[in-house]
Each structure stands twice: as C-alpha cells, then as structure tokens.
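Survey of secondary and tertiary structure
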Amino acid sequence: MFSATLNTQRRTVAEYDSVLTWIVTALLAIGLVMVYSASIATAEAGRATNYQPTYYLLRHGMFILVGLAGAAVAFQVPTQMWQKYAPWLFLAGVVLLVLVLIPGIGRAVNGSRRWISLFVVNLQPSELMKLFAVLYAADYAVRKGAVKDHLLKPFLPMFGVMALVGALLLLEPDMGAFVVICAIAMGTLWLGGFNLKIFGGLLLLLPLAFAALIFSSEYRMQRVIGFMDPWSDPYGKGYQLSHALIAFGRGEWLGVGLGGSVEKLFYLPEAHTDFLLAVTAEELGLFGVSAVILLFGWLIVRAFAIGRQAAMSERLFAALVAQGIAVWLGVQAMINIGVNMGVLPTKGLTLPFLSFGGSGVAVNLMAIAVLLRIDYENRRVARGLPI
C-alpha cells in the first residue's frame, strides 16, 4: 500500500520540470522584493500613487497573479494547438501593433506610444508579439523545412514579415523589442538548420542596418553618444547611465544593504523598471547581481535541454519553441544587464521576471508555461503515454 502510494507520488513529481519552476520562482521573489525596495520613495511622493509606499508592490504582485493565471491556462494548451494557431496569433499581434499607433487607442508615455489602455491596466502589444514571434518562427521553420537549403526561398517571406513588424515597432518607437524579435526569428531559423550562407551575409548586413537606424534618428543617436561617454554630459545624455554606474560602484561586493540605496531616491530614473538591476547592485552588491545572472543562465540551459529532448522525440515545432523562448529571454536579459552595466546603449527593455510591468511579467510567465508544457509532453512521450 505504502509502496503504491510512493510510486504514485513519484509519477506526479515527474510530470513537470521542478528545477525550472524553482528558478522562475526565485527570479519572481527577487523581483518582488527589489521592485518594492526600488519604488518606495517614488510611490510615497507621487499623487498618481495616492502617496502609498506599497503601490508598486501591490500592483506588481497583482501582475504576477494575473500572469500565473494566464500561465495555468497556457499550460493546458497542447503544443499541436499552438502550432495550428501560430500564424493567426502572429497576425493578431500585428493588428495590435497597428492599433497602438492610432491616437485615441494607443497611449503615449514619455514620448513613446507603446500601450493600449484597458482602463485597469495597460496592454503592451510588443510584449505579446515576442511570444507570438517565437510560435510563428517555429511553425515557419517546420513548414519551410523542405526548402531550408535554398538561399532565398525560405528567407524572403520571413524577411518581409519581420520588416513589417520592425517598421511598426520603430514607429512607437521600441527598438529594444525590435532587436529581440529579430534575434528570435534569426535564432529560430538558425536552430532549424537553414542555409548557413544566408546567416553569414546577415552577420555582415545587420550591423549596417542597425547603424542606418541609429543615424536616421536623432533620438537614437543621442542615446548612443550618451552611452559612449556618459561622463561628458552627466546631467543630460549620460544621466541614466552615469547614475546606474554610480549604483554599481557603491554596491561593491555585498552591497549597502537591502533598502539602503541612495540612487533610487529620485537620482536614477526608472529605478523599478529598466534599471532595477542597478538598484540590486547597489543594495546587494556583486553577490546579488551574480545570483541573478546565474539564475538566468540556468534558466536558458534548462530551456535548451527541454528543446533538445523534444528534438530527440522528433517533435521539431516543440523543440524550436523551447529554444526560441531560451533565445528570447536570454537576449532580453543580456541587453538589460548590458544596459545597466554600461556595456550597451539604453534600449528601454525590462529584465524578465524582475522588473515592474504588467504585460512583460504576464507574457514571460505564459512563455514559461508553454516551456513546461513541452517538458510535460516530452516526459509522456518518453513513457509511451498520449499527450
């Protein structure tokens, strides 16, 4: 009797990747604590927050709960269903990107029109588009598998689609999301085994294309100039980066202590969103930042391992989705960390699972649910069970 119960419990535990679940839980917990710490001063001083110090903490907690509810629904959807509706979801994402640009529908904040007001919360279509891009690129790679050795046939349609999405994102403007979605598309096609000659050409052309985008916009040009030498104009173009670097410098090895940040006291803009890692560095030091980076590295390794397992069972779409999610979260985390450390120009990208933001947290958790679903199906296939 006891043995049968133990075996049942073991089978139940084996239905999901507990390591991946704990990694995401740890990231969410760190994010919740640091969002509260980084936002107390801003919340207490803001009329929009009703001068409540817990305003951002409660909203971030609500976003996590909404994301977990969405993740619970996403986990129930078989990967075959995601594959069937991937083109339609991508089309819906394009429609949302168009709607956000229409005055009266899209909401502008700090000069960028990236949100659609849903009265209670704001929806950021570019966040949804990242998940839809992963699904669409994986489905596209599977459908074009027969011509993947051709030089142009598999690439021209994808190039056209990505050019459309890129144009819509740059009109917001949201170059950070554009970079991430390009990385998802190119990474998925690379992992899908498409012709390497095209990728060689892209390695030469993409830097030129990004350089043209930078020089074509005074706003982006000023960001790059500020990044190259933030101390030449510490109260202007280099303001954000210079204060982020000061936060890192103050943190040293173990930080000044949780809640002890000075930079979050109206010196560092976006302390609870884009520059949350800088506050983490100041309060928790190199130890805290290293823990965050190691957790992201572990998450990406797990995602690629799940994708490899799916590929071994000849489930190509599931494999590419898992690896596409790894590329997405890895590239976005790398850009945000690089921006905070002064290695990359500011891009307006949040740190997945940690930074304050409704759409970002919710979509990130849905992506993890899709990843867990792929792992769940891998385990059932390995045991000869239906999925």
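Refer to the structure above for everything that follows.
An account of the accompanying structure is given in this report. Everything numeric here is computed off the predicted structure, so don't read it as measured data. (Residues numbered from 1 in each chain as written. Predicted model: local features only at pLDDT ≥ 70, side-chain atom pairs only at ≥ 80, totals over all residues. Heavy atoms only, no water.)

**Observations concerning the side chain of Thr 350**
Going by this rule: The helix and strand labels rest on DSSP assignments: H or I over at least four residues marks a helix, E over at least two residues marks a strand, and numbering proceeds from the N terminus. We call two residues in contact whenever any of their non-hydrogen atoms come within 4.5 Å of each other.
Note on placement: Thr 350 falls in the loop between helix H12 (316-341) and helix H13 (358-382). Apart from residues lying up to four places away in sequence, Thr 350 is in contact with Glu 127, Asp 274, Gln 332, Asn 336, Ser 355 and Phe 356.

**Concerning the pattern of salt bridges**
Convention followed: One speaks of a salt bridge when a side-chain nitrogen belonging to Lys or Arg is within 4 Å of a carboxyl oxygen belonging to Asp or Glu. Burial classes follow relative accessibility: with a 1.4 Å probe on protein chains only, a residue under 20% of its type's maximum area counts as buried, one over 50% as exposed, and anything between as partly exposed.
Counted under the stated rule, the structure contains eight salt bridges. Note that Arg 250 and Glu 282 form a salt bridge whose closest N and O atoms lie 2.3 Å from each other. Placement of Arg 250 in helix H10 (residues 239-251) and of Glu 282 in helix H11 (residues 276-312) is noted, with a sequence separation of 32 residues between them. Put simply, Glu 283 and Lys 264 hold a salt bridge, and the shortest N to O gap is 3.0 Å. Of this pair, Glu 283 sits in helix H11 while Lys 264 sits in the loop between H10 and H11, placing them 19 residues apart in sequence. Judged by relative accessible area, which is 1%, Glu 283 ranks as buried. One network of salt bridges, in which partners are shared, links Arg 315, Arg 373 and Glu 377.

**Things to note about the sheet that holds strand S3 (residues 122-123)**
Note the following rule: Pairs of strands are assigned from DSSP output, requiring at least two bridges between the strands.
Overall, antiparallel pairing links the three strands, which are arranged S1-S2-S3 in an open sheet. Unpaired on one side and paired on the other, strand S1 (106-109) and S3 mark the two borders of the sheet. In the sheet, strand S2 (residues 112-117) pairs with S3 via two bridges, with the strands oriented antiparallel. Bridge pairing in S3 places Ile 116 opposite Leu 123.

**So, the nonpolar core**
The nonpolar side chains of soluble globular proteins are, as a tendency, buried together. To keep it simple, the criterion reads: In this text, buried Ala, Val, Leu, Ile, Met, Phe, Trp, Tyr and Cys residues form a nonpolar core when linked through side-chain atoms within 4.5 Å.
With 99 residues, the main nonpolar core has Phe 296, Leu 299, Val 321, Trp 328 and Phe 353 as its most contacted residues. Top element by residues in this core is H12. It accounts for 16 residues. Not counting residues up to four positions away in its chain, the partners in contact with Phe 296 are Leu 27, Ala 333, Leu 351, Pro 352, Phe 353 and Leu 354.

**Quick word on unusual backbone geometry**
Of note, the amide linkage connecting Glu 172 to Pro 173 takes the cis form, showing an omega dihedral of -5 degrees. Tracing the sequence through the fold places Pro 173 in the loop between helix H6 (155-171) and helix H7 (175-191). The phi torsion at Glu 270 lies on the positive side, around 55 degrees, for a residue other than glycine. For Glu 270, the position within the fold is in the loop between H10 and H11.

**Thoughts on the environment of Leu 294**
Inspection of the secondary structure puts Leu 294 in helix H11. The exposed category is assigned to Leu 294, whose relative accessible area is 62%. Linking Leu 294 and Ile 23, residues 271 residues apart in sequence, is a C-alpha distance of 9.9 Å.

**Brief notes about H13**
Quick reminder of the rule: What a helix is expected to span follows from its residue count: subtract one and scale by 1.5 Å.
Its 25 residues give H13 an end-to-end C-alpha distance of 36 Å, which sits within 8% of 36 Å, the value for a rise of 1.5 Å per residue. One or two positions beyond H13, positive phi appears at Gly 384, with a value near 75 degrees.

**With respect to the packing of aromatic side chains**
Operational definition: Aromatic rings from Phe, Tyr and Trp, with only the six-membered ring used for Trp, were paired whenever their centres fell within 6.5 Å, and each pair was classed as stacked if the ring planes differed by under 30 degrees, edge-to-face if by over 60, and tilted otherwise. To sit over a ring, a charge needs its Lys NZ or Arg CZ within 6 Å of the ring centre and within 35 degrees of the ring normal.
According to the stated counting rule, one finds six aromatic pairs in the structure shown. Aromatic side chains Phe 90 and Tyr 136 sit 4.4 Å apart centroid to centroid with 20 degrees between the ring planes, which places their arrangement in the stacked category. Linking Phe 90 in helix H4 (residues 79-99) with Tyr 136 in helix H5 (residues 125-143), this pair joins segments that are 46 residues apart in sequence. Among the residues examined, Phe 90 registers a relative accessible area of 6% and is labelled buried. Among the aromatic residues, those joined into a cluster by ring pairs are Tyr 55, Tyr 56, Phe 63 and Phe 356. Lying across the ring of Phe 75, Arg 373 places its NZ or CZ 6.0 Å from the centre.

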